[in-house]
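Commentary on secondary and tertiary structure
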Amino acid sequence: MFKKAVEAKSHQRLSGADRKKLKRTIRERFRRASDADIDALLPPKAEITVSKFQNRVHVYGVEGGFPMFFDIDGRRTEIFPTVFALWKAPELVPSFLLKGGEVSRFVIGGADLMFPGISVPAEGLPSFVAGEPWCVKVPGNPAPIAVGSTTLSSAEALKAGLRGKALRITHYYHDSLWESAEGRCVPNAGFLEDVVFEDPSLLSSSQAFDSFEGSIHASIGQQSNISSEEVNEFVDVKDVFGEPNLASTTQHEPKNDAAEQIIKDVGDVKLIDSVAVGEPNVEEQHILSVEDVDAYLDKCLLQALHTTVKDKDLPMPGSTLWSNHVLPCRPSGITLDVKKSSHKKLSKWLQAKSSVGLISVKEDKYKKEVVLFSINRNHPDYMSFKPEKRRVEKNDQAGDHASSGGLLYKMLEVAEIYKPSVHVNPIFASVGADTGKLYSASEASEIVFEYIEKGNLVKPTNKSVVVLDPTLCDALFKGAIKKGSTYPTEIHKKDLGPTFISRMQAHHIVTRGNESAVRKGSLKALQIVTERRQGNKKVTKVSGVETFLIDAEALATELQKKFACSTTVAELPGKKGLEVLIQGGVIEEVGKYLIEQYGIPKRYIEVLDKTKK
């Protein structure tokens, strides 16, 4: 629905009568919503606007605020809340809980949700009918990541063995509707660039976690283990390459015997007791004492510092350190929970490690999160620790069927970085920062806020506003303001970071294993094109693989074996890289292969089928 940016044809305010009709429709469609919920989403005294798009979608929001509801056909028969509305009122619609945060990569990439990706409560699947609005949540995070409509009823789902498509996603975090909102806010630190994990603040608060756990309508239990082979069944990856057909309620079916066998095998695994598929026994989890949990935390941290946390990755948010480095280092069968330690909170545990000199951390005053800044690799604890020589498990389990493709997926990292330009050099120089270094967006924001703190530029009467001195004003607006226009004298804190970063030189870094490349400009997408040649024969061309540190010759060999067809590698005109040519129209299959085997984020894959009229 909002996978691609679509410009609105018109924007207008709703009349009093239309406001009442809209609220009445919302009350009828969302029975769970109280009057207080509706007033919070559409305040009585605020102006409500409607934006009408060329695809007939109507988006309703508060003037000067976020979009709150959208109507698929403009007839008010299929109205859905946006993620912004669900972050304010999470229980507005019932929710499906994913089996793990890793699945969220695909959901927020535009894929529909499949039944095997859903954590089914102990008491069974909740009752629902086809066409109902439901949202999607990640374990340990109360904020929904997507919303859509059910494709069939709960009775039909059980009859089908909980296979196939559960929810046709119409809107998700990081789609064009979310990106169109000013500020592009997120509800908590669990919402990362291309994946959503548990909220770190809930990880560190027993009361908050218990409160959230009790509020889940359609899911109970802990995050389950996910292997790379199961991803195909968790989400409809094919939907990444085209708009979902909203008029169709046909359930996704596998197209070949091999796919059916994989689904059958995964389905059979789900029927086995949880201990048999790598999940710790419930009794085993309660055996650990507070001292045991403390010891495991320290051991996993040291293992991570030795094996996966590199100095070039710093500074690193505490939530990233926990989710991407500490948790994967825990022993098989052990469940780590900070709130069961003596520290109770993630921030307090990291600060305790900082107080003994092992690491250096600092609290980000603006994001309210502890950030890891440095590692003391000469510390006695670090020097005396002998890291285990084992393959670190990237998922909760890495069983016999964890393929090399899954490991490659985890090895790819893509990040946007920025270099100081002549505009912002005086700011960096003023705080003693290196103007020749590359910075992440958060690091660059910290520089400008450090300058503000140093110059005491926060407006005394409004702490959310920064007063611009000549140096900061030039850094932000010199050359960007038309001649004759008045330069601003102050700026809101929420606009300061993005404006400052926009004045820097954009770069990007791509890392795969031990290989890394830094290039100027924004990251260019990989292209997959299918076209006709010599009559009715189809060929598929893949270009731009070098950007993601993929060897074109090796990829051609893999695809030749994968699809049992002829492949060749040719140089693009103007020495702009290599192109892999595959005989046959395999545009979707190639895209799926690159996602699963090489971990290319879906937003960096462009597809074009020239054979379709």
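Our subject is the structure that appears above.
So, here is what we can say about the structure in this document. Since we're looking at a predicted model, the values are computed, not measured.

Definitions and limits used
Residues numbered from 1 in each chain as written. Predicted model: local features only at pLDDT ≥ 70, side-chain atom pairs only at ≥ 80, totals over all residues. Heavy atoms only, no water. Phe/Tyr/Trp six-rings, centres within 6.5 Å; stacked < 30°, edge-to-face > 60°. Buried < 20%, exposed > 50% of the residue type's maximum accessible area, 1.4 Å probe, protein only. Lys NZ or Arg CZ within 6 Å of the ring centre and 35° of its normal. Helix = DSSP H or I, 4+ residues; strand = E, 2+ residues; numbered from the N terminus. Lys, Arg positive; Asp, Glu negative; His and termini not counted. Salt bridge = Lys/Arg side-chain N within 4 Å of Asp/Glu carboxyl O. Contact = heavy atoms within 4.5 Å. Expected span 1.5 Å × (residues − 1). Pairing = 2+ DSSP bridges. Arc of directions from axis to C-beta. Axes fitted to C-alpha atoms, helices over the stretch in contact; angles between N-to-C directions. Disulfide = S-S within 2.5 Å.

**So, the packing of aromatic side chains**
A full pass over the atoms with the stated rule returns 16 aromatic pairs. On the numbers, 5.4 Å between centres and 65° between planes, the contact of F128 with W134 is edge-to-face. This pair shows no difference in class: F128 is buried, exactly as W134 is. Every member of this aromatic cluster is reached through a ring pair, and the members are F66, F84, W87, Y173, W178 and F191. Its guanidinium or amino end placed over the ring of F80, R29 lies 5.0 Å from that ring's centre, counting from NZ or CZ.

**Examining the side chain of R503**
Residue placement: R503 occurs in the loop between helix 20 (493-502) and strand 18 (505-512). Buried within the structure, R503 lacks any salt-bridge partner; D474 is the closest side chain of opposite charge, at an N-O distance of 7.6 Å. When sequence neighbours within four positions are dropped, the list of residues in contact with R503 reads S421, H423, V424, D474, A475, L476, F477, K478 and A480.

**Structural notes on helix 22 (residues 587-598)**
Along its 12 residues, helix 22 runs 16 Å from first to last C-alpha, staying within 8% of the 16 Å computed at 1.5 Å per residue. Looking one or two residues past helix 22, G599 carries a phi angle of roughly 70°, positive in sign.

**Section: the sheet that holds strand 12 (residues 316-317)**
In spatial order, the strands read 12-14-13; together these three strands make up an open sheet with antiparallel pairing. Both edges of this open sheet fall to strand 12 and strand 13 (359-364), since each of them pairs with a single strand only. Pairing between strand 13 and strand 14 (residues 369-375): six bridges, direction antiparallel. Residue pairing in the sheet places K362 in a bridge with V371 of strand 14.

**Considerations on helix 14 (residues 346-355)**
Residues spaced three or four apart along an α-helix face the same direction, because each turn holds 3.6 residues. Those residues of helix 14 that sit buried are L346, W349, L350 and K353. One side of helix 14 carries all its buried residues, which in axial view fall inside an arc of 95°. At the exit of helix 14 stands G357, carrying a positive phi of roughly 90°.

**Points about the sheet that holds strand 15 (residues 412-419)**
The antiparallel open sheet is built from three strands, whose spatial order is 15-18-19. With partners counted over all chains shown, the strands left at the sheet margins are strand 15 and strand 19 (515-520), one partner each. Ignoring strand direction, the axes of neighbouring strands in this sheet form an average angle of 20°. In this structure, strand 15 lies alongside strand 18, joined through eight bridges in antiparallel fashion. The residue of strand 18 that forms the bridge with L412 is R512.

**Focus on the pattern of salt bridges**
All chains considered together, the criterion is met by 16 salt bridges. D112 serves as the salt-bridge partner of K165, at 3.1 Å between the closest nitrogen and oxygen. In this pair, K165 is assigned in strand 10 (residues 165-172) and D112 in strand 7 (residues 112-114), connecting sequence segments 53 residues apart. When sorted by exposure, K165 lands in the same class as D112, which is buried. A salt bridge links R603 to D194; the nearest nitrogen and oxygen atoms lie 4.0 Å apart. Note that R603 is positioned in the loop between helix 22 and strand 24 (605-609) and D194 in the loop between helix 6 (176-180) and helix 7 (200-203), a separation of 409 residues in sequence. For D194, a relative accessible area of 23% gives the class partly exposed. In the salt-bridge network here, residues are joined through shared partners; they are E102, R105, D194 and R603.

**Section: the state of the cysteines**
For the coordinates displayed, the defined rule picks out zero disulfides. Lacking any disulfide linkage, C329 is separated from the closest cysteine sulfur, that of C300, by 6.4 Å.

**A closer look at the side chain of E579**
Relative to the helices and strands, E579 is located in strand 23 (residues 578-583). The buried charged residue E579 lacks any salt bridge partner; its closest oppositely charged side chain belongs to K541, at an N-O distance of 4.1 Å. Once you skip the residues sitting within four places of it in the chain, E579 turns out to touch K541, V542, T568, V569, A570 and L572.

**Overview of the environment of A46**
Among the structural elements, A46 can be located in the loop between helix 2 (35-41) and strand 2 (48-53). Remark: the alpha-carbon pair of A46 and G64, spanning 18 residues in sequence, is separated by 9.5 Å.

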